[in-house]
Amino acid sequence: MFKDEIKDKFGIKSAVFPYVVTVTSGKTMISGVKKVLSAKEDEIAISVSSCVVRVSGKGLEIVEIGGGDAYVKGEIYGVNFEK
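Fair warning: this is a prediction, and the values are worked out from it, not measured in the lab. (Residues numbered from 1 in each chain as written. Predicted model: local features only at pLDDT ≥ 70, side-chain atom pairs only at ≥ 80, totals over all residues. Heavy atoms only, no water.)

Next up on the list: the pattern of salt bridges. According to the stated counting rule, one finds two salt bridges in the structure shown. Put simply, Arg54 and Glu43 hold a salt bridge, and the shortest N to O gap is 3.2 Å. Here Glu43 lies in strand 4 (residues 43-47) and Arg54 lies in strand 5 (residues 52-66), a separation of eleven residues in the sequence. Judged by its relative accessible area of 22%, Arg54 falls in the partly exposed class. Relative accessible area serves as the criterion here: at 24%, Glu43 is assigned to the partly exposed category. (Salt bridge = Lys/Arg side-chain N within 4 Å of Asp/Glu carboxyl O. Helix = DSSP H or I, 4+ residues; strand = E, 2+ residues; numbered from the N terminus. Buried < 20%, exposed > 50% of the residue type's maximum accessible area, 1.4 Å probe, protein only.)

Structure, rendered in structure tokens:
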């Protein structure tokens, strides 16, 4: 499906994505979540397999989490990845 299309476009041969971040208008979905490190109104930090994903913005909240997925909503300004 969507992941297969990405793998084809970028020539990725591995069968597994360690994590996936999807950003849409006002919502972010992060899969491969290991742990929520912090959740503030202006920044949410989530640990995934090989880095920390930081979502910055205004009025942020985790609206659902479970099964390795986290859904964040609010006014999203940026997504950064830290090793």
